[in-house]
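Here's the letter readout for the chains.
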Amino acid sequence: MEKNPITDMAVASDGSWVVIRPNRFSSSTGVSPTLNEKLRCFYRDHANRQKMRARQIKDTEREIARRMEDERARKAQEEIKRQRREEERKEKEREEAEQQRREEERKIKEVRVKRKCDEIDRLNQIRSKRLKPMESITAIEFSSEPGDAFVKNIGEDGAIENFKPLRQEEGTVVIKDPMLLT
């Protein structure tokens, strides 16, 4: 297909002619200078309008591309911020979990230390009574009279095994709380 085809053609009765193409025209020497000037102005104005329109289209395309790039950059920044917030949230959760774990460990250690201290205190109380096997004692909720029970044995763990020799039917009792002895 021809790049600049003939779109119209006019021939006057005196033999002069004009050929119209999309981007230019041709005329014979018999065409009036006024018509030639008007056609030149029309094609020049038409070319300027096309150039201006092409420039506007390119400017619009560049603006659209710039806006799209700005939008992509904005979304990328938002994603980075979102990821950063998510990482900070996870880090905070890890720190809170770690702190909670340390707190639980501390509480467990406190309970162990308290139990150990209580055990040491109990053993010290038992030792402070200086009980010996076959010593006469009164065991609360075991003795029916003051001094009717005797120390049978004192275990390694500080448990005191008591018995009543006069009432064998009641058997023996192991007391771990020194407060139950007088």
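Parameters and conventions
- Residues numbered from 1 in each chain as written.
- Predicted model: local features only at pLDDT ≥ 70, side-chain atom pairs only at ≥ 80, totals over all residues.
- Heavy atoms only, no water.
- Helix = DSSP H or I, 4+ residues; strand = E, 2+ residues; numbered from the N terminus.
- Contact = heavy atoms within 4.5 Å.
- Areas by Shrake-Rupley, 256 points an atom, 1.4 Å probe, with all protein chains shown as cover.
- Pairing = 2+ DSSP bridges.
- Axes fitted to C-alpha atoms, helices over the stretch in contact; angles between N-to-C directions.
- Salt bridge = Lys/Arg side-chain N within 4 Å of Asp/Glu carboxyl O.
- Buried < 20%, exposed > 50% of the residue type's maximum accessible area, 1.4 Å probe, protein only.
- Core = buried A, V, L, I, M, F, W, Y, C linked by side-chain atoms within 4.5 Å.
- Phe/Tyr/Trp six-rings, centres within 6.5 Å; stacked < 30°, edge-to-face > 60°.
- Polar contact = N/O pair within 3.5 Å; in protein donor to acceptor, adjacent residues only side chain to side chain.

Draft legend 1. A look at the overall build of the protein chain. Looking only at helices and strands, one finds one helix and seven strands in the protein chain. In the protein chain, the order of α-helices and β-strands from amino to carboxyl end is β-β-β-α-β-β-β-β. In the protein chain, once contacts between residues fewer than 6 apart in sequence are set aside, the share between residues at least 24 apart is 22%. Of the accessible surface of the protein chain, which amounts to about 14,600 Å², a share of 53% is contributed by carbon and sulfur atoms.

Draft legend 2. How the structure looks around the sheet that holds strand β1 (residues 8-11). With antiparallel pairing, the three strands of this open sheet are ordered in space as β1-β2-β3. Sheet topology places β1 and β3 (25-27) at the edges, where each strand pairs with a single neighbour. Each strand of the sheet is rotated relative to its neighbour by a mean of 10°, with strand direction disregarded. Pairing analysis gives four bridges linking β1 to strand β2 (residues 17-20), with the strands arranged antiparallel.

Draft legend 3. Representation of the pattern of salt bridges within the structure. All told, the structure shown has 18 salt bridges when counted by the stated rule. In this structure, Glu 71 and Arg 74 form a salt bridge, with 2.3 Å as the shortest nitrogen-oxygen distance. With Glu 71 and Arg 74 both in helix α1 (residues 33-128) and three residues apart, the pair spans about one turn of that helix. Taking the relative accessible area as the measure of exposure, Glu 71 reaches 32% and is therefore partly exposed. Residue Arg 74 is classed as partly exposed on the basis of its relative accessible area of 37%. Between Glu 110 and Arg 106 there is a salt bridge whose closest N-O contact spans 2.1 Å. Highlighted residues: Glu 110 and Arg 106, both in helix α1, separated by four residues, approximately one helical turn. Three or more residues are tied together by salt bridges with common partners; here these are Glu 63, Arg 66, Arg 67 and Asp 70.

Draft legend 4. Layout of the nonpolar core. Within the largest apolar cluster, five residues are counted, these being Val 18, Phe 25, Val 31, Leu 39 and Tyr 43. Setting aside residues no more than four positions away along its own chain, Val 18 makes contact with Asp 8, Met 9, Ala 10, Ser 26, Ser 27, Val 31, Leu 35 and Leu 39.

Draft legend 5. Quick look at the packing of aromatic side chains. Throughout the structure, instances matching the rule amount to two aromatic pairs. A centroid spacing of 5.8 Å and a plane angle of 20° characterise the contact between Phe 25 and Tyr 43, whose relative ring orientation is stacked. Pair noted here: Phe 25 is in strand β3 and Tyr 43 is in helix α1, with a separation of 18 residues, a long-range link. Here the aromatic rings of Phe 42 and Tyr 43 are separated by 5.3 Å at their centres, their planes lie at 85°, and the arrangement is edge-to-face.

Draft legend 6. Looking closely at the side chain of Ser 16. Structurally, Ser 16 can be placed in the loop between β1 and β2. For Ser 16, a relative accessible area of 11% puts it in the buried group. At a separation of 2.7 Å, a polar atom in the side chain of Ser 16 contacts the side chain of Asp 14. Leaving out residues up to four positions away in the same chain, Ser 16 has contacts with Ala 10, Val 11, Ser 28, Gly 30 and Val 31.

Don't take any of this as a statement about function, it's just geometry.
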